[in-house]
Structure formats: structure tokens, C-alpha cells
Amino acid sequence: MKFEEKNWTIPIIYLAVGIVWIGLSDELLFFLATKFDLKSESLNKLSQWKGFLYVGLTTFLLYYLIKRKTKSIELVKNDFSRLFNNNPNPMLIFEISSQKILLANKAASMQYGYSSEEMKHLTVDELRPNSEKPKLQAFLKNVKDEFQDCGEWLHQDKFGNYFYVNIFSHSTLYKGKQCRIVNAININEKLMAEIERENFEKALDKAASVSITGINGHIQEVNSEFCRVSGYTSSELIGKPIEILESGYHEPKFWNEMWAKINAGEIWRADINNKTKSAKDYWVDVVISPIKNHQGEVYKFMSISYDITEKKKLEITQQKLLDDFTEYAFQTSHELRGPLTSMMGLTVLFKKYDDPTYLVEKLKSTADKMDLVIRKMNDSLSRTALSLIQEKRDNQSSG
């Protein structure tokens, strides 16, 4: 493990070397003086040379330690410079009092369109449009936290293009000045996408009923159009099973096929007859789309439906008219032909019988049959058509 140098490392090393030198060098002098019977003059000279040697050794030691410490500081400085400049997020440091930008990294230069040197001649105020400048000044007067999520701000680049950024800042010291280091992340695309999504949701909210249900069929979300059409409030629907809207019109097989398909991850579409909170039937054209999680598993469903009640009423009425005309055509071609054939045969008999009483009775019976058939034809033709005519008249009178 590398020895971590603190502020007291060099003094401690210097002190330790000094103590060891003094202790050992004095012992060495005493040993030499005893062994070689040195005179005082020689001993003094050796003592002087010992001092010179000590100064030389300690000078070299101090040079080595200071050089190593300086190199360590340079490495830290270079690491900071490299990490700051190469950070993919736009970053800058500005002085709080003057608001002058002291340092900006490459990503900031690219984002704002200025060179690094040009950035150093700007203030943070100049990175914003005029509409944002009062807001910035008010914010800087009240900022106190070391770290702060400053939220979304509107900025502008060198060419006057506006874009939104999310600002994170932290108080710091740089070149002895009170500063803040700022991280300005461009969120323009994200914000524009959110605005487009909100506009889409608003448009969809007015045009279609939207609901989200869980895998268990319980309602999780509904929009305002869904509430309007169904007659329920959102609080009355959320948490309830989707079956709350069932009218009983469809067979169980219909619903079983639906659940089987959407649980398999397939989109399902059909016309559904539902009932409102007031038990009034209504029709919707619904598309149910399964929503999958990151593992590809279906975990909820989104339905988008359109109110087609009036269209469905028209379809049902048209079908009734078609059925009535079919019956009318059948009666015309079959039931009416019988009495007509009989009547035509009776006209031949007039030539054979002198007494017409019998023939009159036959004609009357045949006429009654024809009248009955005609009444049935009129009934089949008018039971739907008359109701449509009356409905049209009512609408015209109310309009």
C-alpha cells in the first residue's frame, strides 16, 4: 500500500533523519577519536565536515521530498483538469460575486457554441435570454445550499438558439475565490417530447376514452372522456374490476376470447355494449393493447375506445329495415300470389255458373285473405320506418 503523504509528512521525515544523524554521527566521532587518538583540532574539523555533510544530505532529502510532493500535487491537478474537461456533461465554474465564468469544459463549449477562451470572458448571465436574467439574479441572491438542484432553465447559445437545461450546482473554491461549479444538462429533446406527449394526451383525452387496467382486470387509470361516457367519476372507477361496465349483452364466450388474446400479448378490437352508472346502454369501438415490462411479460392493458352509440343505433335500425323489407318481399312473392291465383280462377267460373252467390262468397273470402296479407305487409314495412319518420319529425321540431 502506497504511503499517503499528509501535510506533516516532510517535517516528520526531516526530524527523524536529523535525530538519527545527530545520534549516529556523534557516536562515530567518539569512536574515531578513541580509536585513532585524534587531537582536538582534528576532531573539530571532522565535526565541521559532519555539519557540511548533514546540510548537503538534508538539502538533497528536502529536494527529493518536495519534488515528490509537488509531483503528487501536479498529478491531482492534472486529474481534476482531465476529469473536468473530458466530462461528457457541460460544466463550468463561476465566481459568485462577479458571476464571471472562470472555467468551462469542452462539453460546455460545444453546447453554447463558444470556445473555452471565449467562455472565460462571459458571465453566467450572458448564457440566458433577457426573460431569464431577473430570475437568475433573484436566485443567486438566495442560494445558500452547498449542493442544489436548481431545476429547469431556459438558456441560449452563441447564435441565439434557445434550449432548456437542468442545472445542478455546488459551492466550491477556485483560485481562492468563492465559486459555484455548475452542471448544465441539456433536456431540450426530453422536454419537447414531454410537451408533445402532453399535447397528444390532451387531444386524445377529448377524442377517445382511455383506461389502464392491471393484469387482474382492475382499473388503474382513466381519462376524463372515459368518465364522461360511463357516467362514473375516476375515484368510483379506479380499483374496481372492468366488469363494472358490463351490460350483459355479450356472451361469456365473447369475453373469454378477449382475455385469451390480450393475455397472449395480442391486440384485440371489437364493438362492445356497456352500461353507464345510470344503467343506460352505450356502444364503444374499443382497441385493447397489452403493455409489456422489460422482460417481455404482459403486466397491464391499455384500452382506447370511441363512443359509437349513435352509429350502432343506426346500424341496428338499418338491419331492422332490411329484415322488414325481406319479409315484405317474401309476402309479396309468396303469400299474396295465392289469393290472386284464386281470384283469377274464380273469374273463369263466372262463365260456368248461372247463380253468382257461390262465386261472390268465394270472392269475398279471397278478398279477406288478400286484405290480411296486405295488412301484414304494411305492418312489416311501417313498424320501423314509421318510428324513424316520427324520430326525424321530433328532431326537426326540437331543433
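Provided above is the structure to which this section pertains.
Definitions and cut-offs
Residues numbered from 1 in each chain as written. Predicted model: local features only at pLDDT ≥ 70, side-chain atom pairs only at ≥ 80, totals over all residues. Heavy atoms only, no water. Pairing = 2+ DSSP bridges. Helix = DSSP H or I, 4+ residues; strand = E, 2+ residues; numbered from the N terminus. Axes fitted to C-alpha atoms, helices over the stretch in contact; angles between N-to-C directions. Contact = heavy atoms within 4.5 Å. Buried < 20%, exposed > 50% of the residue type's maximum accessible area, 1.4 Å probe, protein only. Salt bridge = Lys/Arg side-chain N within 4 Å of Asp/Glu carboxyl O. 1 Å grid on protein atoms, 1.4 Å probe; cavity = no way out; pocket = protein on both sides within 12 Å on 5 of 7 lines; lining within 4 Å. Points joined across faces, edges and corners; volume = space filled by probe spheres on them. Nonpolar A, V, L, I, M, F, W, Y, C, P; charged D, E, K, R; others polar. Patch = residues over 30% accessible without salt bridge, like charges linked within 9 Å, V, L, I, M, F, W, Y side chains within 5 Å. Areas by Shrake-Rupley, 256 points an atom, 1.4 Å probe, with all protein chains shown as cover. Phe/Tyr/Trp six-rings, centres within 6.5 Å; stacked < 30°, edge-to-face > 60°. Lys NZ or Arg CZ within 6 Å of the ring centre and 35° of its normal.

S.K.: So what's going on with the sheet that holds strand β7 (residues 219-222)? Residues and values would help.
M.R.: The antiparallel open sheet is built from five strands, whose spatial order is β7-β6-β10-β9-β8. Strands with a single pairing partner mark the edges of an open sheet, and in this sheet they are β7 and β8 (268-275). The average angle at which neighbouring strand axes cross in this sheet is 30 degrees, direction not considered. Taken together, the eight bridges between β8 and strand β9 (residues 281-292) define a ladder with antiparallel strand orientation. Residue pairing in the sheet places N273 in a bridge with W283 of β9. Packing against the sheet, helix α9 (residues 252-263) makes contact with β8, β9 and β10 (298-307), and its axis sits at approximately 135 degrees to β8.

S.K.: Tell me about unusual backbone geometry, residues and numbers included.
M.R.: Among all residues save glycine, negative phi is the norm, and among peptide bonds the norm is trans. At Q99, a position not held by glycine, the phi torsion is positive, near 60 degrees. Among the secondary structure elements, Q99 is positioned in the loop between β1 (91-95) and β2 (101-104). We classify Q99 as buried; its relative accessible area is 14%. Positive phi values are uncommon outside glycine, yet A279 reaches one of about 70 degrees.

S.K.: Could you give an account of the pattern of salt bridges, with specific residues and numbers?
M.R.: If you walk through the whole model with that rule in mind, you get ten salt bridges. For the salt bridge of K120 with E117, the shortest nitrogen-to-oxygen distance reads 3.7 Å.

S.K.: Describe empty space enclosed by the protein, with residues and values.
M.R.: Using the criterion set out here, one finds two cavities of 30 Å³ or more in the structure. For the largest cavity, the calculated volume is near 350 Å³. Looking at the largest cavity, it is lined by 23 residues, and the ones nearest its centre are I242, I272, V286, I288 and S303. Where the lining of the largest cavity is concerned, the elements lending two or more residues are β6 (209-214), α7 (224-230), α9, β8, β9 and β10. Of the residues contributing to the lining of the largest cavity, the split by class is 14 nonpolar, seven polar and two charged. When its volume is computed, the second largest cavity comes out at roughly 160 Å³. As for the second largest cavity, its lining consists of 17 residues, and the residues nearest its centre are F94, R128, L136, I167 and V182. Of all the elements in the fold, those that place two or more residues in the lining of the second largest cavity are β1, α5 (133-142), β3 (147-156), β4 (162-174) and β5 (177-186).

S.K.: Lay out a nonpolar patch on the surface in plain terms, naming residues and giving numbers.
M.R.: Together, F60, Y63 and Y64 give the surface a local cluster of nonpolar side chains, amounting to about 390 Å² of exposed area. Here Y64 lies in helix α2 (residues 40-85). On the basis of relative accessibility, which here comes to 43%, the residue Y64 falls in the partly exposed class.

S.K.: Please give an account of the packing of aromatic side chains that cites residues and values.
M.R.: According to the stated counting rule, one finds seven aromatic pairs in the structure shown. Relative to F163, the ring of Y112 lies with its centre 5.7 Å away and its plane at 50 degrees, an arrangement referred to as tilted. With Y112 in helix α3 (residues 106-112) and F163 in strand β4, the pair connects residues that are 51 residues apart, well separated along the chain. Each of the two residues, Y112 as well as F163, counts as buried. When the centroid spacing of 6.4 Å and the interplanar angle of 15 degrees are considered together, the rings of F147 and F168 count as stacked. Taken together, the residues F147 in strand β3 and F168 in strand β4 connect sequence positions 21 residues apart. A relative accessible area of 52% places F147 in the exposed class. Taken together through their ring pairs, the aromatic side chains of F254, W255 and W268 make up a single cluster. The residue whose ring lies beneath R128 is W153, and the NZ or CZ to ring-centre distance is 5.3 Å. Lying across the ring of W283, K312 places its NZ or CZ 4.7 Å from the centre.

S.K.: Account for the pairing of β5, naming residues and giving values.
M.R.: Side-chain direction in a regular strand flips from residue to residue, so the side chains alternate between the two faces of the sheet. The pairing of β1 with β5 spans five bridges and is classified as antiparallel. Looking at β5, one finds that F94 is bridged to R180. Both β4 and β5 contribute to a ladder of ten bridges, which runs antiparallel. Bridge pairing links I167 to A184 in β5. A loop of two residues connects β4 with β5, the two strands running antiparallel in sequence, and K175 in this loop sits at a positive phi of about 55 degrees.

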